[in-house]
Every structure is written in C-alpha cells, then in structure tokens.
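One letter stands for each residue in the lines below.
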Amino acid sequence: VVNQPPTIRIISPTDDDQLVACRAYNVLVEAGDPDGTVARVEFFRGQFKLFETTRQPRGGQPWQARFNTDTLGVYELRAVATDNQGAVTVSAPITIEVVPGLPGTAVAELYNDEEGCLLCFFGTPGTKWVLEGTEALSGADVDGLDDSAS
C-alpha cells in the first residue's frame, strides 16, 4: 500500500490580507491525512521558520502559530505538513502585507515568544509620543498612546 501524502492549507489570514504592524496574529491551518495522521506542521514566512508543532489540535480545531508583524512589508506565508509515515506536503503560499496603523495613530506592543521579547512601536516620524499605562508592559498589548505631549 502506497502512503498518501497529507493535505494542508492556510485558512487565516487569507491571500492579499493587510495586517496592521505591531500586532500578533494567529496563522490558522487545516491539515489532514487520508491514511494516517499529521505528525508535524511547520509555519514559514518566506524561508524563515516561524514555528513548528507536533501537538495535535483538539476537536477539529485548526493548527495554529503566532505571527508578529514587527516589520512593514509584503510577506509570503506557507505551511508544511508531515504525516506519520514521513510524507510531506507544502501548502499553497499566501501573500500578506504588513501596513502601518491609521494616520495620526501609534501602536506599541510587548510580546514574548521562544526567541525572546520585543517592544514594537510605529508612529508618525518626527512626532513625540507619551506612553500611557506603562504598568501594562507585563506582556499585554499597550495601546492608548497620546501624541499631544511634547
């Protein structure tokens, strides 16, 4: 009996989505195997591996990984499924664009992952900003920036 390869597709975000910078988004993937199980799913931004997991999602939920939009630009996302017999399938790629927030706004976020932590900030160049609510820097999103102070 010949091993059938797994199936995999990215369900969120969708192709050509625009994502706001300095946010963490979930990349959701449906993966299955017609004659076995999916043993591993890997998530990529271009050639850079974002995440790898062997933990099966519960109750038909999609596989997922976090994608931190810390740099403006256009990116290709793809996912790779490996089944319990070693067959590999690469998803069709999707293209997303990381864009700044609305004009006149700023966003800051502190997040942690396996690679460490990062404080990401985008605002209007040449504008002075005052960060309000610094106690929220314990790992939660920090919004509510005030550009009225100098």
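Here's a quick rundown of the structure. The structure displayed is predicted, hence computed values, not measured ones.

**Topic: the pairing of strand β7 (residues 73-83)**
Summarising burial for β7: eight of the eleven residues are buried, a large majority. Bridge analysis of strand β4 (residues 38-45) against β7 gives seven bridges, and the strand direction is antiparallel. Note that in β7 the partner of F43 across the bridge is A79. Of the pairings in the sheet, the one linking β7 to strand β9 (residues 94-99) comprises five bridges and is antiparallel in character. Bridged to L77 within β9 is I94. Of the strand pairs in this sheet, β7 and strand β8 (residues 88-90) are connected by three bridges, and their pairing is antiparallel. Looking at β8, one finds that T82 is bridged to V88. The antiparallel pairing of β7 with β8 creates a hairpin that spans four residues between the two strands, and G86 there sits at a positive phi of about 95°.

**Brief notes about the packing of aromatic side chains**
The tally for this structure, following the rule as stated, stands at two aromatic pairs. Summarising the aromatic geometry, the rings of F43 and F51 are spaced 6.3 Å apart at their centres and angled 45° between planes, so their arrangement reads as tilted. Note on F43: relative accessible area 1%, which makes it buried. A cation over an aromatic ring shows up here: R78 above the ring of F44, its NZ or CZ 4.5 Å from the ring centre.

**Considerations on the sheet that holds strand β1 (residues 7-12)**
Strands sit in the order β1-β3-β6 across an open sheet of three strands; the sheet is antiparallel. Of all the strands in the sheet, just β1 and β6 (63-68) have a single pairing partner and so form its edges. For this sheet the average axis-to-axis angle between neighbouring strands, irrespective of direction, equals 30°. Alignment of strand β3 (residues 24-32) against β6, held across six bridges, turns out to be antiparallel. Looking at the pairing, V27 lines up with A65 of β6.

**Re the pattern of salt bridges**
The full count for this structure, using the stated rule, is five salt bridges. Here K49 ties to E42 by a salt bridge, and the two come within 2.9 Å at their closest N and O atoms. Between E52 and K49 there is a salt bridge whose closest N-O contact spans 2.6 Å. The class of E52 is partly exposed, set by a relative accessible area of 36%. The partly exposed category is assigned to K49, whose relative accessible area is 34%.

Here is what the cut-offs are and how they apply
Residues numbered from 1 in each chain as written. Predicted model: local features only at pLDDT ≥ 70, side-chain atom pairs only at ≥ 80, totals over all residues. Heavy atoms only, no water. Buried < 20%, exposed > 50% of the residue type's maximum accessible area, 1.4 Å probe, protein only. Helix = DSSP H or I, 4+ residues; strand = E, 2+ residues; numbered from the N terminus. Pairing = 2+ DSSP bridges. Phe/Tyr/Trp six-rings, centres within 6.5 Å; stacked < 30°, edge-to-face > 60°. Lys NZ or Arg CZ within 6 Å of the ring centre and 35° of its normal. Axes fitted to C-alpha atoms, helices over the stretch in contact; angles between N-to-C directions. Salt bridge = Lys/Arg side-chain N within 4 Å of Asp/Glu carboxyl O.

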